[in-house]
Amino acid sequence: MMSLLEVKNLKTYFHTKEGIVKAVDDVSFTLEEGEAIGLVGESGCGKTTTALSITSLLPEEGTIAGGEIHYNGKNLVELNSNQIRRYRWNEISIAFQGAMNALNPVKKIGEQLTDVMMYHNKLDYKAARKKAKGLMELVEIDPERIDQYPHEFSGGMKQRVMIAMALACDPKILIGDEPTTALDVMVQAQILELLEKLRQELGMSLILITHDLSVMAETCDKAVVMYAGKIVETGTVENVINHSSHPYTQKLVKAFPDIHGKREMTESIPGSPPDLINPPTGCYFHPRCEQATEECKKTAPTLREIAKDHYVACHLRGE
Ligand SMILES: Nc1ncnc2c1ncn2[C@@H]1O[C@H](COP(=O)(O)OP(=O)(O)OP(=O)(O)O)[C@@H](O)[C@H]1O
Ligand SMILES: [Mg+2]
């Protein structure tokens, strides 16, 4: 069966004065209808770049150097910017990292919502305003507040507005890039519940980007763990979290001692992620891995299926 979204051997590079940054380096995963997938990994591992590649929102210095992104059977990488515009908002939509500060401070919330719908969905003002109120209700904000300004909203409410905005054109896939980061724990929980509700009520698929494993565990079916632009482990959330196999994932899981409780990293992983312009030889994780062997220093491991719905890229893990 064809997946709703299939990312295949995606490579996204940034051209900088210092050299080429391979931010996403041969990443593949699939997303089914109604499914929620979590992209996790430390800062700089390529999560946002993956999302920007899927939505064609890369900055000028970024290019898709290889691979395919199939949505409903169409390879989005081959579309021109006009064609791709029809997919963004209407099919695949993104709520950005720290987006609550991206709201226009001098425009009323309602106006910002209706603008999106009038422009991308060609709704007239009346229809857009009606829909905006409906969306506010959906994200559990009193529609009576439609004519208020962003500064009159709390951080959590602004984040809800950003989610409402991403939903304005009824997308099939919602990408949330750290939608709960910077919010207090109570508000985080509410936003996660909201995402779950949207998934159930609208049958939407979700790509949740987070550096927080506990957030992912609560919300997602599948997990993709990235390290330095590559997938090191993927599978069901159960497999990846409760039976994590890659030394990096294991350290990540250990850093969140109470997956279902406190949402904060208590222990950081020793060492730092590699320089993506001059990455290490072999397995990119080997300089930080206590179990690394000579082989790990020499050859890059590829993803292998170690159990049903469980893939790991590590020389130390057998078939
Ligand atoms: N415009 C750019 N020019 C050059 N390098 C970039 C650019 N944007 C991102 N990068 C680099 O690409 C790599 C991946 O960045 P990305 O933003 O995708 O990481 P991330 O996983 O989203 O991190 P975070 O958790 O901090 O948001 C990093 O090394 C980053 O420095
Ligand atoms: Mg990011």
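Scroll up to find the structure.
Report on the accompanying structure. Every value quoted in this text rests on a predicted model; they were computed, and no experiment measured them.

Cut-offs and rules
Every chain's residues receive numbers from 1 upward, in the order its sequence appears when written. The naming scheme follows written order: chains are lettered A onward, ligands numbered 1 onward. At least 70 in pLDDT is required for a residue's local features to be given in this predicted model, at least 80 for side-chain atom pairs to be given and counted, and no such filter applies to totals for whole chains, interfaces and linings, which use all residues. Hydrogens and water are ignored here; the side-chain numbers use all heavy atoms of the structure. By convention in this text, a residue qualifies as near a molecule or strand provided that one of its non-hydrogen atoms is within 4 Å of it. Pairs of N or O atoms within 3.5 Å make up the polar contacts considered here, provided that, within protein, one atom can donate a hydrogen while the other can accept it, and that residues adjacent in sequence are counted only when both atoms are side-chain atoms. Elements are defined by DSSP. Helices are runs of H or I of four residues or more, strands are runs of E of two residues or more, and each kind is numbered from the N terminus. Comment: axis = line fitted to C-alpha atoms, over the contacting stretch for helices; angle = value between 0 and 180 degrees taken between N-to-C directions. What sets the label is the angle itself: under 35 degrees gives roughly parallel, over 145 gives roughly antiparallel, 65 to 115 gives roughly perpendicular, and the rest give oblique. What makes a crossing left-handed is the near helix being turned counterclockwise from the far one by less than a right angle; a clockwise turn instead makes it right-handed. In this description, contact between two residues means that some pair of their heavy atoms is separated by no more than 4.5 Å. A strand pair is defined by DSSP finding two or more bridges across the two strands.

What follows deals with the site of ligand 1. What surrounds ligand 1 is a group of 15 residues, the closest being Ser43, Gly44, Thr48, Thr49 and Glu61. A distance of 2.8 Å separates an oxygen atom of ligand 1 from a polar atom in the side chain of lysine 47. In this structure, threonine 49 approaches ligand 1 through a side-chain N or O atom, which is 2.5 Å from an oxygen atom. Taken together, the elements giving at least two residues each to the shell around ligand 1 come down to β1 (5–16), β2 (19–31) and α1 (47–54). When residues of the shell around ligand 1 are assigned to their parent elements, the largest contribution, three residues, is made by α1.

Packing of helix α5 (residues 155–166) against helix α6 (residues 185–202) brings their axes to within 10 Å, and their N-to-C directions diverge by 20 degrees. For the element pair α5 / α6, the angle class is roughly parallel. Here the hand of the crossing between α5 and α6 comes out right-handed. Here α5 contributes Gly156, Gln159, Arg160 and Ile163 to the contact with α6, which in turn contributes Val187, Gln190, Ile191, Leu194, Leu195 and Leu198.

Each regular strand carries side chains that alternate between the two faces of the sheet. Here eight bridges tie β1 to strand β4 (residues 62–71), and the two strands are oriented antiparallel to one another. Bridge pairing in β4 links lysine 8 to glutamate 68. Pairing geometry for β1 and β2, over ten bridges, is antiparallel. When the bridges of β2 are listed, phenylalanine 14 appears paired with valine 21. Counting the residues in the hairpin turn of β1 and β2 gives two residues.

A few words on the sheet that holds β1. Reading across the sheet, the four strands line up as β2-β1-β4-β5 and stay open at both edges, with antiparallel pairing between neighbours. Of all strands in the sheet, those with a lone pairing partner are β2 and β5 (74–75), marking the two edges. Along the sheet face, α1 touches β1, β2 and β4 and points at about 110 degrees away from the line of β1.

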